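Notes for the structure review
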Amino acid sequence: MLLIAFYIAIAAEAMTAALAAGRRNMDWFGVCLIACVTALGGGTLRDILLDHYPLVWVKNPYVLLLVCGAALATIPLARLVDRLKWPFLLLDALGLVVFTVIGCNIGIEAGVHPIIVIVAGMVTGTAGGILRDVLCNDIPLIFQGELYATVSMITGIVYFAGLGAGVPIDLMVIGSIILGFTLRTLAIAFKWEMPKFVYDRDMRK
Amino acid sequence: MLLIAFYIAIAAEAMTAALAAGRRNMDWFGVCLIACVTALGGGTLRDILLDHYPLVWVKNPYVLLLVCGAALATIPLARLVDRLKWPFLLLDALGLVVFTVIGCNIGIEAGVHPIIVIVAGMVTGTAGGILRDVLCNDIPLIFQGELYATVSMITGIVYFAGLGAGVPIDLMVIGSIILGFTLRTLAIAFKWEMPKFVYDRDMRK
Amino acid sequence: MLLIAFYIAIAAEAMTAALAAGRRNMDWFGVCLIACVTALGGGTLRDILLDHYPLVWVKNPYVLLLVCGAALATIPLARLVDRLKWPFLLLDALGLVVFTVIGCNIGIEAGVHPIIVIVAGMVTGTAGGILRDVLCNDIPLIFQGELYATVSMITGIVYFAGLGAGVPIDLMVIGSIILGFTLRTLAIAFKWEMPKFVYDRDMRK
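Parameters and conventions
- Residues numbered from 1 in each chain as written.
- Chains lettered and ligands numbered in written order.
- Predicted model: local features only at pLDDT ≥ 70, side-chain atom pairs only at ≥ 80, totals over all residues.
- Heavy atoms only, no water.
- Least-squares fit on C-alpha atoms with pLDDT ≥ 70 in both.
- Contact = heavy atoms within 4.5 Å.
- UniProt positions renumbered as here; feature names shortened; annotations may be inferred.
- Helix = DSSP H or I, 4+ residues; strand = E, 2+ residues; numbered from the N terminus.
- Expected span 1.5 Å × (residues − 1).
- Bend = angle between axes of the 7 residues up to and from the residue.
- Buried < 20%, exposed > 50% of the residue type's maximum accessible area, 1.4 Å probe, protein only.
- Buried area = accessible area lost by both parts, 1.4 Å probe.
- Polar contact = N/O pair within 3.5 Å; in protein donor to acceptor, adjacent residues only side chain to side chain.
- Nonpolar A, V, L, I, M, F, W, Y, C, P; charged D, E, K, R; others polar.
- Phe/Tyr/Trp six-rings, centres within 6.5 Å; stacked < 30°, edge-to-face > 60°.
- 1 Å grid on protein atoms, 1.4 Å probe; cavity = no way out; pocket = protein on both sides within 12 Å on 5 of 7 lines; lining within 4 Å.
- Points joined across faces, edges and corners; volume = space filled by probe spheres on them.

Regarding the relation of the copies chain B and chain A
- For the pair chain B and chain A, the best superposition has an RMSD of 0.0 Å and corresponds to a rotation of 120° with a translation of 0.0 Å parallel to the axis. Expressed as an axis order, the relation between the two copies is that of a three-fold axis. Residue B:N137 of chain B places its C-alpha closer to the rotation axis than any other residue of that unit, at 3.9 Å.
- When the interface residues of chain B are mapped onto chain A, a mere 14% of them again fall at the interface, so the copies present different faces.

Some details on the UniProt feature "transmembrane region" (unreviewed entry) in chain A
Residue and element names in this part refer to chain A.
- In this numbering, the UniProt entry assigns the feature "transmembrane region" (unreviewed entry) to residues 62-81, 88-108, 114-135, 147-165 and 171-190.
- Between the first and last C-alpha atoms of residues 62-81 the distance is 24 Å; the span itself is 85% helix and 0% strand.
- Across residues 114-135 one finds 100% helix and 0% strand; the C-alpha atoms that close the span lie 31 Å apart.

Digging into the relation of the copies chain C and chain B
- The operation relating chain C to chain B is a screw motion whose rotation component is 120°, with 0.0 Å of axial translation and a residual RMSD of 0.0 Å.
- An overlap of only 14% is found between the interface residues of chain C and their copies at the interface of chain B, pointing to separate contact surfaces.

Some remarks on helix α7 (residues 114-135) of chain A
Residues and elements named next belong to chain A.
- In a regular helix each residue adds 1.5 Å, so 22 residues correspond to 32 Å; α7 covers 31 Å between its end C-alpha atoms and thus fits that length.
- The largest bend in α7 amounts to roughly 45° and is located at T126.
- A large share of α7 lies buried, amounting to 17 of its 22 residues.
- Positive phi shows up at N137, right after α7, with a value of about 65°.

Side note on the interface of chain B and chain A
- Chain B puts 35 residues into the contact, and the matching count from chain A is 40 residues.
- Summing the contributions of chain B and of chain A, the shared interface buries around 3,300 Å²; its carbon and sulfur component is 67%.
- Seen at the junction of chain B and chain A, the total is 3 residue pairs in polar contact (both at pLDDT 80 or more).
- Of all elements in the fold, only α2 (28-50) and α7 (114-135) of chain B reach the threshold of two or more residues within the side of chain B that touches chain A.
- For the side of chain B that touches chain A, the element with the most residues is α7(B), which contributes 6 residues.

Quick word on the interface of chain C and chain B
- Contacts between the two partners involve 35 residues from chain C, matched on the other side by 40 residues from chain B.
- Applying the counting criterion to the chain C and chain B interface returns 3 residue pairs in polar contact (both at pLDDT 80 or more).
- Secondary-structure elements contributing two or more residues to the side of chain C that touches chain B are α2 (28-50) and α7 (114-135) of chain C.
- For the side of chain C that touches chain B, the element with the most residues is α7(C), which contributes 6 residues.
- Residue classes in the side of chain C that touches chain B are distributed as 22 nonpolar, 4 polar and 9 charged.

Quick word on the packing of aromatic side chains
- Under the defined criterion, the tally for this structure stands at 9 aromatic pairs over all chains.
- A centroid spacing of 5.6 Å and a plane angle of 55° characterise the contact between B:F6 and B:Y7, whose relative ring orientation is tilted.
- Judged by relative accessible area, B:F6 falls into the buried class, the value being 14%.
- Grouped by ring-pair contacts, the aromatic residues A:F6, A:Y7 and A:F99 constitute a single cluster.

Considerations on empty space enclosed by the protein
- One pass over the full model with this rule turns up 4 cavities of 30 Å³ or more.
- In this structure, the largest cavity encloses a volume near 60 Å³.

Observations regarding the environment of B:L19
All names here are of chain B.
- Take L19: it is sitting in helix α1 (residues 2-23).
- Its relative accessible area of 0% is what places L19 among the buried residues.
- Measuring from C-alpha to C-alpha, the distance between L19 and P61 comes to 23 Å, with 42 residues separating the pair along the chain.

Below is the structure:
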């Protein structure tokens, strides 16, 4: 089930990434690359940081075809995808929590410290979007106050704590995905925001 | 012969990268760093993704001296290098296909899936230029429609398919370099372009 | 002693990074991430390039808490931190040379070529700031002429040459930190700058 959710999430990330690339008038290759980086960049960075090889898409390269296919299919469907704004926000929220849980699992498998398990979940959930924004030459959207990384962190903590308390893993996977998904949806609906640190004077001048 | 072409291509990449740094008024250190990232970044990223250590320039650090030397030599010669526009475009095209073939070889050596062999070639050929543009704070040039990554992909596919069909490796190296080089030169001469995905409405607002 | 200097330098880097994030109105998560990347990014990149695992902060995750704590503590103290401009420039200079010496040590431990030992020191000392500027969507400050990477290089060369000449390691650590720190402070005080490569004509057009 986690695997099916993973594929759906990856395809959804690829499609929203393709729209971001389209807004910058990129060519088809750029569209595919931005889609790959967004959908697979988080897991890739996590595996590099944890020295966890081979990478998911090196082991199973058909994931790359799925991502590029979803991205290219978005081009003729752009108007439709755009109209489906809410479904995609929900898929994106699902992706965030599914990626987080998968990242935590990899961290647990690698036997790292609990803090790093949570960090592995957060990197998997959020780094793809950050890399996309760097390649598109934006200040990463995730730093602008949306409750995104925080949802990933809470999901990871609840998931790991639940496992530690002896709750069966299937129950924890489902429970923390529902929790994180609900949190993220509420955050979008009610425009919950992280406090910002606004600071004006420039130290260097 | 591939090795000689590799050194020529690396030096040529370093020199065009130095001009890009000069256009942004970087200091000498910036010039060297941009040159190293452009000339060696593709191979480095490929090796990190494939867990293929030690990196080329860690094993043979004199490559770093070659790159920095070529970059610094470009400073007094800028006007001349600029006038040699065509030779440098050709050297850049040579670099693209040579890097691609080398990247495919590393992938084959590492025993990865054919799709990843092609990806290894493309990463080696194109990632250096993408990293250069990120550090120079541009949207990567490669996403703007030029037939660049596509040439790398076609070169890689032909090279790998030829080897698979039992053609001797020397012949395939020479053949696919000539093919890729010709394709890229024609693409520049006739301004062949990838189709773009132009999309205006912003989904997030 | 090197370890204490390391913690002080990391906390100082985190605090100046937090100010940079605040100037871009990032949220608290962005502040923590920019702080982690700035304070730990150099060492992380060095370890990835040298295949030296586990990463410092994966092995000792309390470093992450220190960095995030220092970054968040900067938010209410921003005005104060700003007024302490000189102490922070000095702490930043200390960080540069301490990171450089630590990076050289890792390189020596890994048994790489002397050139790569110096490069390992420079990456450790300077890459965090470069990554910070990329995430904040600036052309890296370090390329704008400040004598920063050069100080790192000189410190590394003196340190490694001293060890090679048989000087005891404790003496070399202290000596090269004092040397590098003095150099950097003088460079700030007298506005010493690297020569720049200013080049106007655009080759691609």
